[in-house]
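Understanding the architecture of this molecule
Listed here are the chains, written in short residue letters.
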Amino acid sequence: MRLVFAGTPEVAVPALDAIAADGQHEILAVLTRPDAPAGRGKKLHRSPVGAWADERGIEVLTPAKPREPEFLERLRALAPDCVPVVAYGALVPQVALDIPARGWINLHFSLLPAWRGAAPVQHAVWHGDEVTGACVFQLEAGLDTGPVFGTLTETIRPKDTSGDLLGRLALSGGELLVQVLHGIAADALRAVPQPGDGVSLAPKITVEDAGVVWSEPAFAVDRRIRACTPAPGAWTTFRGERIKLAPVTVAGEPLAPGEISVQKNNVYVGTGTTSVLLGEVRAQGKKAMEAGAWARGVRIEAGERLGGPPSAPTSR
């Protein structure tokens, strides 16, 4: 088929690679979010999907919104058979959905109808799901409500961060997307409506959501931190300043919530149940370091605590 690929971040690139390596479809252009400022100099940078296309001489479409007349006119002129989507990052209006003969098909990193929304992998880790997956569905005006062409499952490992899990799903999901494209091209695949029950929502995780609440049980502290790694990055406060935290290990040291105990190279922090053993810590303006080195550097005094602000995000 003739394709326009819609996607923006690095997690979309494995699907592009899989489609290109398969060699059965022509990528006419990519649709991605506009160049955005990044880094200390705030220079404009191409999205990973846009950069991928630039390197291969493929046309890059960057409308501020996919309802812009100029974009719609160009999409009609390209006349794609199908638009595969992976983490594009903008709502697609019906007028655009109607242009390709086979519609827009979306690779989503959950087993729909579970975790509809922008952050399915983070919410699956945060809520302690044991199994998740990916699916390819027909994009429609509703939020991840379209019928499903195919799925795959993936076990969530005890130490998985959202980054770990998303990395695996991006690779396997790319292969799933290729297989679904083959089925659609051969007119051998029909999408199945999602069940009406089992719906859960996965809104974007904010920086405020990522603040550790030390009064929560140790397992909840562990999940929050892993879910927010690498982005937006779990954090807490120490002596009134924010510090970022890498994943922790649930331990058995009895401590009050937020209380710090330094034992040789180990740093324990109390929660609402047992303590957790800190991993890496990154203070403002500093590089990440092992918790023991951080504790020695700041000279933690007896009775000092880590502070914690917000509550868990609304999700279901």
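See the structure printed just above.
Residues numbered from 1 in each chain as written. Predicted model: local features only at pLDDT ≥ 70, side-chain atom pairs only at ≥ 80, totals over all residues. Heavy atoms only, no water.

Notes on the environment of G174
Spelled out, the test is: A run of H or I in DSSP becomes a helix once it reaches four residues, and a run of E becomes a strand once it reaches two; helices and strands are each numbered from the N terminus. Only protein chains enter the calculation, and the probe is 1.4 Å; a residue is then buried if its accessible area is under 20% of its type maximum, exposed if over 50%, and partly exposed in between. In this description, contact between two residues means that some pair of their heavy atoms is separated by no more than 4.5 Å.
Along the chain, G174 turns up in helix α6 (residues 162-185). By relative accessible area, G174 is classed as buried at 0%. When neighbours within four sequence positions are excluded, G174 is seen to be in contact with A15, A18, L107 and L169.

Re a nonpolar patch on the surface
The condition that has to hold: For patch detection, residues must exceed 30% relative accessible area and be free of salt bridges, and they are connected within 9 Å for like charges or within 5 Å for nonpolar side chains (Val, Leu, Ile, Met, Phe, Trp, Tyr). All accessible areas in this document rest on Shrake-Rupley with a 1.4 Å probe, and a residue is counted as covered only by the protein chains that are shown. In what follows, salt bridge is the name for a side-chain nitrogen of Lys or Arg lying within 4 Å of a carboxyl oxygen of Asp or Glu.
Among the surface-exposed residues, L143, V199 and L201 lie close enough to one another that they form a single nonpolar patch of about 240 Å² accessible area. On the secondary structure map, V199 appears in the loop between α6 and α7 (218-227).

Points about the state of the cysteines
Test applied: The rule for a disulfide is simple: a pair of cysteine sulfur atoms within 2.5 Å.
Counting across every chain of the model gives zero disulfides. Cysteine C82 is unpaired, with the sulfur of C135 as its nearest cysteine sulfur at 15 Å.

Let's talk about helix α1 (residues 13-22)
Those residues of α1 not exposed but buried are V13, P14, A15, L16, A18 and I19. Contact partners of the buried residues in α1: β1 (2-7), β2 (26-31), α2 (48-55), β6 (83-86) and α6. Trailing α1 by a residue or two, G23 shows a phi angle of about 70°, which is positive.

Notes on the pairing of strand β8 (residues 131-138)
What counts, and what does not: At least two DSSP bridges between two strands are needed for those strands to be called paired.
For β8, the buried fraction is high: six of the eight residues fall into the buried class. The pairing of strand β7 (residues 104-108) with β8 spans four bridges and is antiparallel. Considered in β8, the bridge of N106 is made with F137. Bridging between β8 and strand β9 (residues 148-155) involves seven bridges; their strand directions are antiparallel. If you follow G133 over to β9, its bridge partner there is T153.

Some points on the side chain of H25
The following threshold applies: Contacts described as polar in this section are N or O atom pairs within 3.5 Å, which, within protein, must combine one atom able to donate a hydrogen with one able to accept it, while residues neighboring in sequence count only if both atoms come from side chains.
Residue position: H25 is located in the loop between α1 and β2. A relative accessible area of 13% places H25 in the buried class. At 2.8 Å, the side chain of H25 and the backbone nitrogen of M1 are in polar contact. Polar contacts involving the side chain of H25 include one to the side chain of H182, which spans 3.4 Å. Discounting chain neighbours no more than four positions away, the residues touching H25 are M1, L3, L181, H182 and A185.

Some details on the pattern of salt bridges
Pairs can form between side chains of opposite charge once their charged atoms are near each other. Following the criterion strictly, the structure yields 13 salt bridges and no others. For R46, the salt bridge identified is with D35, shortest N-O distance 3.4 Å. With a gap of 11 residues between them, R46 in the loop between β4 (43-45) and α2 and D35 in the loop between β2 and β3 (36-38) connect regions that are remote in the sequence. D35 sits in the partly exposed class, given a relative accessible area of 34%. For D187, the salt bridge goes to R190, with nearest N and O atoms at 3.2 Å. It is possible to trace a salt-bridge network through shared partners that takes in D35, R46 and D54.

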